[in-house]
Amino acid sequence: MSVNVLFAARDAMWPIYEPALKSAFAKAGIDADLRQDFAPNDVDYIIYAPSGAIRDLSPYVNCKAVLGLWAGVESIITNPTLTQPYARMVDTGLTEGMTEWVVGQVLRHHLELDLDICRSDAKWVAHIPPLARDRRVGVLGLGELGRTAAKALAQLNFQVSGWSRSAKEIEGITCYHGDAGLRDILATSDILVLLLPMTAATENLLDAEHIALMPKGAVVINPGRGPLIDDDALLSALDQGHLGHATLDVFRVEPLPKEHPFWAHPKVTVTPHIASETRPSTASEVIAENIRRGEAGEPLLHLVDKTQGY
């Protein structure tokens, strides 16, 4: 039996995803009619990105699930027309890419590479960083991305701790949770990585009060969500010398406006939301597996709890 699958993302994504999805469907044994346009009543599954043209999901009354192409969900789960189950994208390629970016940025700051790479004088100055076993790295957010990045850092012998809203256990990682745990991890993180989802509870989580708990000279790395950080509080802490540096890949407004002080600040590194991207080949396999599960009556993977916001 064939299923009708609507691709509801930007038109520019269609020529990239169409062959990858068809290949993944064939590999999974799914007879799928994949198109960019169907009569709403005929749609069985929607492959969805909020950047696409479809905003109103209410006409798709027979749709069994909306399958997201993005890891973030804050721009879709607040859509009142979303009544179908929504599965976020947990892509092995995205996870690998994020882990590589996080590890690279942590190593950059741990090894103090900027002292050598950015030097413009002709002085022979040697500096010896501590070993990884003496550097404390905290990861806020222990979902798929945070957990994988934390484990990779632990394998490099960093002292790694992680924080989540609810209690978790990860081998080799000191895990904190709740308000008290947040204060503890902030106080013991020389390098802090933010990989939390964006919810009402996490907005401005790294504010002036929480930044003040961090060790003097600590580094903040944010590839998670821009609004996790109070921008003014971050700039103030950098200006006052409490924080040593901030490497930021995500922002409240993207692209980051040219007049934003982050661009010119000597203690801020701006990267253009490149920490990780969904890979069409691996993402298509995730989509195909969820459709296979849906047709077999099995639980879908990576379903979002709208009440929790992730």
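Criteria and thresholds
- Residues numbered from 1 in each chain as written.
- Predicted model: local features only at pLDDT ≥ 70, side-chain atom pairs only at ≥ 80, totals over all residues.
- Heavy atoms only, no water.
- Helix = DSSP H or I, 4+ residues; strand = E, 2+ residues; numbered from the N terminus.
- Rg over C-alpha atoms; globule rule 2.2 N^0.38 Å.
- Contact = heavy atoms within 4.5 Å.
- Areas by Shrake-Rupley, 256 points an atom, 1.4 Å probe, with all protein chains shown as cover.
- Lys, Arg positive; Asp, Glu negative; His and termini not counted.
- Charge placed at Lys NZ, Arg CZ, Asp CG, Glu CD.
- Core = buried A, V, L, I, M, F, W, Y, C linked by side-chain atoms within 4.5 Å.
- Buried < 20%, exposed > 50% of the residue type's maximum accessible area, 1.4 Å probe, protein only.
- Pairing = 2+ DSSP bridges.
- Right-handed = clockwise from strand over helix to strand, strands pointing away.
- 1 Å grid on protein atoms, 1.4 Å probe; cavity = no way out; pocket = protein on both sides within 12 Å on 5 of 7 lines; lining within 4 Å.
- Points joined across faces, edges and corners; volume = space filled by probe spheres on them.
- Nonpolar A, V, L, I, M, F, W, Y, C, P; charged D, E, K, R; others polar.
- Axes fitted to C-alpha atoms, helices over the stretch in contact; angles between N-to-C directions.

(A) How the structure looks around the overall build of the chain. Helix and strand content of the chain: eight helices and twelve strands. Its C-alpha atoms give the chain a radius of gyration of 21 Å, near enough to 19 Å, the size a compact globule of 310 residues would have. Counting only C-alpha atoms and orienting by the principal axes, one finds that the chain spans roughly 70 × 40 × 35 Å. Pairs at least 24 apart in sequence give 62% of the contacts found in the chain among residues at least 6 apart. About 15000 Å² of surface is accessible on the chain, with carbon and sulfur atoms providing 53% of the total. On the chain, the mean spot of the 27 positive side-chain charges and the mean spot of the 39 negative ones are 3 Å from each other.

(B) Representation of the nonpolar core. Counting residues in each nonpolar core, the largest one holds 29 residues, and the members touching the most others are Leu140, Leu206, Leu234, Leu243 and Phe262. Elements with a contribution of two residues or more to this core: helix H5 (178–187), strand E9 (191–194), strand E10 (218–222), helix H7 (231–239), strand E11 (243–248) and strand E12 (268–270). The element that contributes the greatest number of residues to this core is H7, accounting for five residues. Here Phe262 is in contact with Asp231, Leu234, Leu235, Leu248, Phe251, Leu256, Val268 and Val270, once residues within four sequence places are set aside.

(C) A look at the pairing of strand E7 (residues 159–164). The buried count for E7 comes to five of six residues, which makes it a mostly enclosed element. The pairing of strand E6 (residues 136–140) with E7 spans five bridges and is classified as parallel. Paired with Gly138 across the two strands is Ser161, which belongs to E7. A crossover links E6 with its parallel partner E7, the connecting element being helix H4 (residues 144–155), and its sense is right-handed.

(D) Empty space enclosed by the protein, seen in detail. Taken as a whole and judged by the stated rule, the model has three cavities of 30 Å³ or more. Its boundaries defined by the atoms lining it, the largest cavity holds a volume of some 50 Å³. In terms of lining, the largest cavity is formed by Asn222, Gly226, Ile229, Asp231, Leu234, Leu248, Val250, Phe251, Arg252 and Phe262. When the residues that make up the lining of the largest cavity are grouped by side-chain class, the tally is six nonpolar, two polar and two charged.

(E) Representation of the sheet that holds strand E4 (residues 65–68). Across the sheet, five strands lie side by side as E2-E1-E3-E4-E5; this open sheet has parallel pairing. Of all strands in the sheet, those bounded by a partner on one side alone are strand E2 (32–35) and strand E5 (86–87). Inspection of the sheet shows E4 paired to E5 by two bridges, in the parallel sense. When the bridges of E5 are listed, Val66 appears paired with Tyr86. Sheet strands touched by helix H1 (residues 14–28): strand E1 (3–8), E2 and strand E3 (45–48). Its angle to E2, the strand with the most contacts, is close to 175°.

(F) Main features of the sheet that holds E9. Strand order in this open sheet of seven strands is E8-E7-E6-E9-E10-E11-E12, and the pairing throughout is parallel. Edge positions in the open sheet fall to strand E8 (174–177) and E12, since each of these has one partner strand only. Pairwise comparison of adjacent strand axes, ignoring direction, gives a mean angle of 15° for this sheet. Sheet topology places E7 next to E8; four bridges connect them, and they run parallel. Within E8, the position partnered with Trp163 by the bridge is Tyr176. Sheet strands in contact with H4 are E6 and E7, and its direction is about 170° off that of E6. Strands in contact with H5 are E6, E7, E8 and E9; relative to E7, the strand with the most contacts, it is inclined by about 150°.

(G) Representation of H7 within the structure. Along H7, the positions that sit buried rather than exposed are Asp231, Ala233, Leu234, Leu235, Ala237 and Leu238. The elements touched by buried residues of H7 are helix H6 (208–211), E11 and E12. Phi turns positive one or two residues past the end of H7, at Gly241, with a value near 85°.

(H) Examining the environment of Ile221 more closely. Tracing the sequence through the fold places Ile221 in strand E10. Separated by 129 residues in sequence, Ile221 and Thr92 place their C-alpha atoms 22 Å apart. With residues up to four places along the chain from it excluded, the contact list for Ile221 reads Trp101, Gln105, Val106, His109, Ile191, Leu192, Val193, Leu194 and Thr247.

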